[in-house]
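Now for the letters of each chain:
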Amino acid sequence: MSTDPEREDNGRPLAPGLYLVATPIGNLEDITLRALRVLRSVDRIACEDTRQTQKLLNHFGIHTPTVSYHMHNEAGRAAELTAELKAGARIAVVSDAGTPGIADPGGQIAAAAIAASVPVFPVPGANAAISALIASGIAGAGEAPERFTFHGFLPAKEGQRKTALEALTRDGGTQVFYEAPHRILDTLADVAAIFGAAQHVVVARELTKLHEEFLRGPVSEVRATLAGRASVRGEIVLLFAL
Ligand code: SAM
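First, a word on what this report is: a plain description of the structure on this page. (Residues numbered from 1 in each chain as written. Predicted model: local features only at pLDDT ≥ 70, side-chain atom pairs only at ≥ 80, totals over all residues. Heavy atoms only, no water.)

1. Details of the pattern of salt bridges
Phase 1: Applying the stated criterion to the full structure yields ten salt bridges.
Phase 2: Two residues, E213 and R205, come together in a salt bridge whose shortest N-O distance is 2.8 Å.
Phase 3: Under the relative-accessibility criterion, E213 is labelled buried at 17%.
Phase 4: We note a salt bridge from K209 to E206, for which the minimum N-O separation is 3.3 Å.
Phase 5: Residue K209 is classed as partly exposed on the basis of its relative accessible area, which comes to 28%.
Phase 6: By relative accessible area, E206 is classed as buried at 15%.
Phase 7: It is possible to trace a salt-bridge network through shared partners that takes in R205, E213 and R229. (Salt bridge = Lys/Arg side-chain N within 4 Å of Asp/Glu carboxyl O. Buried < 20%, exposed > 50% of the residue type's maximum accessible area, 1.4 Å probe, protein only.)

Next comes the structure, spelled out in structure tokens:
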């Protein structure tokens, strides 16, 4: 735990700047004390989806004004918020869930703020990729430094997805992907076709939620288990080592 007095609250007002604040990926207990303080204290919260974030803010009794900041208005809104930041505002950015800027908006405004010499503060917390990785069992203890590559989402189109998978090289460490539930069976079929039916994979589903689940084993078996269900639902991280 940090004992650096410069980093402690000490009752002081929050410094002006941009705060990239991680929020839970399911379990609301995963919000951090610092995230709550920052979200309470900033002038505005820029949200991927204001309605989604409002639920979180209501839960914690936070009344800070929100503004939308998503894929479709990211560039324009980044310029607007940067002008406010330059004038001394304190603005938080949150995504719908997890860490902003990781397969989510946040990167453009961070870059714009840095270019405008505005301080940018990470407020770390939940992230699906790291949560899945640490409980995957793929990299055993004592194998540090562990190498992993985070790819975000694979392309939705079959041809492009196969090309992306084929481009992965053996001995490349642990590969981490986000995947949609309606595409996971196709993706696992591609993994089996390219790397063999015995390729060990981990499917991490609904992390930190009531129905959290890890499926670990040869890709053919994991796929068969999922294919045997009436439907595959929920949020998914796919991992395998090459
Ligand atoms: N910024 C987020 C983060 O820090 O993890 C990721 C946002 S991305 C748009 C959403 C994807 O992340 C989902 O489609 C899923 O692949 C993954 N994800 C998010 N929450 C998850 C959870 N609770 N369990 C498993 N995967 C999750």
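2. Remarks on the site of the ligand
Phase 1: Close contacts around the ligand come from 19 residues, with T99, I102, D104, Y178 and I236 the closest.
Phase 2: Within the contact set of the ligand, an oxygen atom lies 2.8 Å away from a side-chain nitrogen or oxygen of N127.
Phase 3: Taking E235, its side chain carries an N or O atom lying 3.3 Å from a nitrogen atom of the ligand.
Phase 4: For the ligand, the cavity whose grid points lie within 2 Å of the majority of its atoms is the largest pocket.
Phase 5: Put simply, the parts of the chain that give the shell around the ligand at least two residues each are β7 (174–179) and β10 (236–241).
Phase 6: Residues belonging to the shell around the ligand are distributed by class as follows: eleven nonpolar, three polar and five charged. (Near = heavy atom within 4 Å. Polar contact = N/O pair within 3.5 Å; in protein donor to acceptor, adjacent residues only side chain to side chain. 1 Å grid on protein atoms, 1.4 Å probe; cavity = no way out; pocket = protein on both sides within 12 Å on 5 of 7 lines; lining within 4 Å. Sits in = over half its atoms within 2 Å of the grid points. Helix = DSSP H or I, 4+ residues; strand = E, 2+ residues; numbered from the N terminus. Nonpolar A, V, L, I, M, F, W, Y, C, P; charged D, E, K, R; others polar.)

3. Some points on the pairing of strand β2 (residues 44–47)
Phase 1: Here β2 pairs with strand β4 (residues 90–94) via four bridges, running parallel. Bridging across to β4, A46 finds its partner in V93.
Phase 2: Where β2 meets strand β3 (residues 66–68), three bridges bridge the pair, whose relative direction is parallel. For I45, the partnering residue across the bridge sits in β3 and is T66.
Phase 3: The parallel pair β2 and β3, bridged by helix α2 (residues 50–59), forms a crossover whose chirality is right-handed. (Pairing = 2+ DSSP bridges. Right-handed = clockwise from strand over helix to strand, strands pointing away.)

4. Remarks on the sheet that holds β3
Phase 1: Strand order in this open sheet of five strands is β3-β2-β4-β1-β5, and the pairing throughout is parallel. The open sheet has two edge strands, β3 and β5 (120–123), and neither has a second partner. The average angle at which neighbouring strand axes cross in this sheet is 25 degrees, direction not considered.
Phase 2: The sheet contacts of helix α1 (residues 33–41) involve β1 (17–21), β2, β4 and β5, and relative to β5 the element is tilted by about 135 degrees. (Axes fitted to C-alpha atoms, helices over the stretch in contact; angles between N-to-C directions. Contact = heavy atoms within 4.5 Å.)

5. A closer look at the packing of helix α7 (residues 184–195) against helix α8 (residues 219–227)
Phase 1: It is at 9 Å that the axes of α7 and α8 come closest, and there the two elements cross at 160 degrees. By the angle between their axes, α7 is roughly antiparallel relative to α8. Our pair here, α7 against α8, has a crossing hand that is left-handed. Contacts between α7 and α8 pair I184, L185, L188, A189, V191 and A192 from the former with V219, V222, R223, L226 and A227 from the latter.
Phase 2: Of the residues that constitute the contact of α7 with α8, the class distribution is ten nonpolar, no polar and one charged. (Parallel < 35°, antiparallel > 145°, perpendicular 65-115°, else oblique. Left-handed = near helix turned anticlockwise from the far one by under 90°.)

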